[in-house]
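Letter by letter, the chains look like this.
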Amino acid sequence: MSSVHPDRPSADRAGPSALIVHAHPEPLSMNASLTRAAVDTLSGLGMHVVVSDLYAENFQPVAGRGDFRHRHSLDRLSIAHEQRHAAPTRAFADDILREQDRIVAADVLLFQFPLWWYAVPAILKGWADRVLAEGFAFTQDALFEDGLLRGKRAMIAVTTGGTQQELYDDRRHTGTIEEFLKPFTGGVLSFVGLEVLPAFVAYAPASLSPEGREAQLGDYRAHLLTHIG
C-alpha cells in the first residue's frame, strides 16, 4: 500500500494534514482500496496524508510493561497510572510515540477497518489502548468535549460481511450498526475530544461485482469531499 511515514511530526507543515489508521492485513482487500481512495482524494484537496498501516508496520496491540521506557511503580502494574506518569516526559515505547506524533500532526483522523464480530479488529482496539493514553489524549478532568484531542476531526470507514438488509434483519440480536459501533465512535473517539464525522459503510463488498465495488469507492470519494473537503 502506498503510504507516507514521516520520521517526526510535521506540525510546521503548511496546509492541513490527515492520518489514516488502516487496520486490515491484506493489501488487495476492499479496505486497502478504500484507504488508497482516501489518500488520492485527500491529497487532491491539498492535504498531506500519512497512513499508519498497523499490520504492515507490525504494530503491537497488547498493552503491558513494554509500553513504558521506565516504570513509575515497580510493585504493581497499572496501565492508567503508568500512562499518567509517562505522558509529561514522553516515556512511552517508540511505536506509541510514533503514533502519538502522527496524531499531533494531523487535523483529521480516518479509521479504516473491517467489521469483525460486530466490533473493530483487535489490532485497532489495541492501538486505542496503547496510543490514546491518559495524559496524552485525555485526563480525568478532560473528557469528551474537553478531551485533549479536541479541535481535530475523525471519521470511520468500515466494510461489512453482511449486506445492509442482513444487518438490519439481525438488529434484534445485535443492535443497529450505529449501536454496535458506538463503543468506538463514542467511547473512544468522542471520549478524547475528537469531533466525529458521519461514518462511511461499505456493505458486503465481497459479494459485489467489480463494478459494484468501484461504485462503492466512488461513493466514498464523494463522502470524503462532502464531509472533509
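Residues numbered from 1 in each chain as written. Predicted model: local features only at pLDDT ≥ 70, side-chain atom pairs only at ≥ 80, totals over all residues. Heavy atoms only, no water.

### Some points on the overall build of the protein
Next, step 1: Tallying secondary structure elements over the protein gives eight helices and six strands in all.
Next, step 2: Along the protein, helices (α) and strands (β) appear in the sequence β-α-β-α-α-β-α-β-α-α-α-β-β-α when read from the amino end.
Next, step 3: What you see for the protein is a C-alpha radius of gyration of 18 Å, in line with the 17 Å of a compact globule of 229 residues.
Next, step 4: Structurally, the protein occupies a C-alpha span of about 55 × 45 × 30 Å along its principal axes. (Helix = DSSP H or I, 4+ residues; strand = E, 2+ residues; numbered from the N terminus. Rg over C-alpha atoms; globule rule 2.2 N^0.38 Å.)

### Details of helix H1 (residues 30–44)
Next, step 1: An ideal rise of 1.5 Å per residue puts 21 Å on 15 residues; H1 measures up with 21 Å between its terminal C-alpha atoms.
Next, step 2: Where H1 is concerned, the buried positions are Met30, Asn31, Ala32, Leu34, Thr35, Ala37, Ala38, Val39, Thr41 and Leu42.
Next, step 3: Residues of H1 that are buried sit in contact with strand E1 (17–22), strand E2 (48–53), strand E3 (108–114), strand E4 (153–159), strand E6 (200–202) and helix H8 (210–227).
Next, step 4: Once H1 ends, the next one or two residues include Gly46, with phi positive near 90°. (Expected span 1.5 Å × (residues − 1). Buried < 20%, exposed > 50% of the residue type's maximum accessible area, 1.4 Å probe, protein only. Contact = heavy atoms within 4.5 Å.)

### Concerning the layout of surface pockets
Next, step 1: In this structure, the largest pocket encloses a volume near 210 Å³.
Next, step 2: In terms of lining residues, the largest pocket is bounded by 13 residues, among which Ile156, Glu178, Leu181, Thr185 and Ala199 are the most central.
Next, step 3: When residues of the lining of the largest pocket are assigned to their parent elements, the largest contribution, seven residues, is made by helix H7 (residues 177–190).
Next, step 4: For the lining of the largest pocket, the residue count by class is eight nonpolar, three polar and two charged. (1 Å grid on protein atoms, 1.4 Å probe; cavity = no way out; pocket = protein on both sides within 12 Å on 5 of 7 lines; lining within 4 Å. Points joined across faces, edges and corners; volume = space filled by probe spheres on them. Nonpolar A, V, L, I, M, F, W, Y, C, P; charged D, E, K, R; others polar.)

### Things to note about the pattern of salt bridges
Next, step 1: According to the stated counting rule, one finds 12 salt bridges in the structure shown.
Next, step 2: One salt-bridge network, held together by shared partners, links Glu57, Arg98, Glu99 and Arg102. (Salt bridge = Lys/Arg side-chain N within 4 Å of Asp/Glu carboxyl O.)

### What about the confidence of the model for the protein?
Next, step 1: Taken over all residues, the pLDDT of the protein has a mean of 92, while the share at 70 or more is 94%.
Next, step 2: Across residues 2–12, confidence stays below pLDDT 50; counting only partners more than four residues off in sequence or on other chains, it has 16 contacts. (pLDDT = per-residue confidence, 0-100.)

### What about the packing of aromatic side chains?
Next, step 1: As enumerated under the stated definition, the model contains eight aromatic pairs in all.
Next, step 2: Judged by centre distance (5.2 Å) and plane angle (70°), the ring pair of Phe138 and Phe191 falls under edge-to-face. On the criterion of sequence distance, the pair formed by Phe138 in the loop between helix H4 (122–131) and E4 and Phe191 in the loop between H7 and strand E5 (195–196) is long-range, its members being 53 residues apart.
Next, step 3: The exposure class assigned to Phe138 is buried, which follows from its relative accessible area of 13%.
Next, step 4: Overall, the relative accessible area of 22% leaves Phe191 in the partly exposed class.
Next, step 5: Ring centres of Phe200 and Tyr220 lie 4.9 Å apart, and the angle between their planes is 35°; this geometry places the pair in the tilted category. Taken together, the residues span a long stretch of sequence, with Phe200 in strand E6 and Tyr220 in helix H8 at a distance of 20 residues.
Next, step 6: Residue class for Tyr220 comes out buried when judged on its relative accessible area of 1%.
Next, step 7: Grouping aromatic residues by their ring pairs yields a cluster made of Phe111, Phe113, Trp127 and Phe184. (Phe/Tyr/Trp six-rings, centres within 6.5 Å; stacked < 30°, edge-to-face > 60°.)

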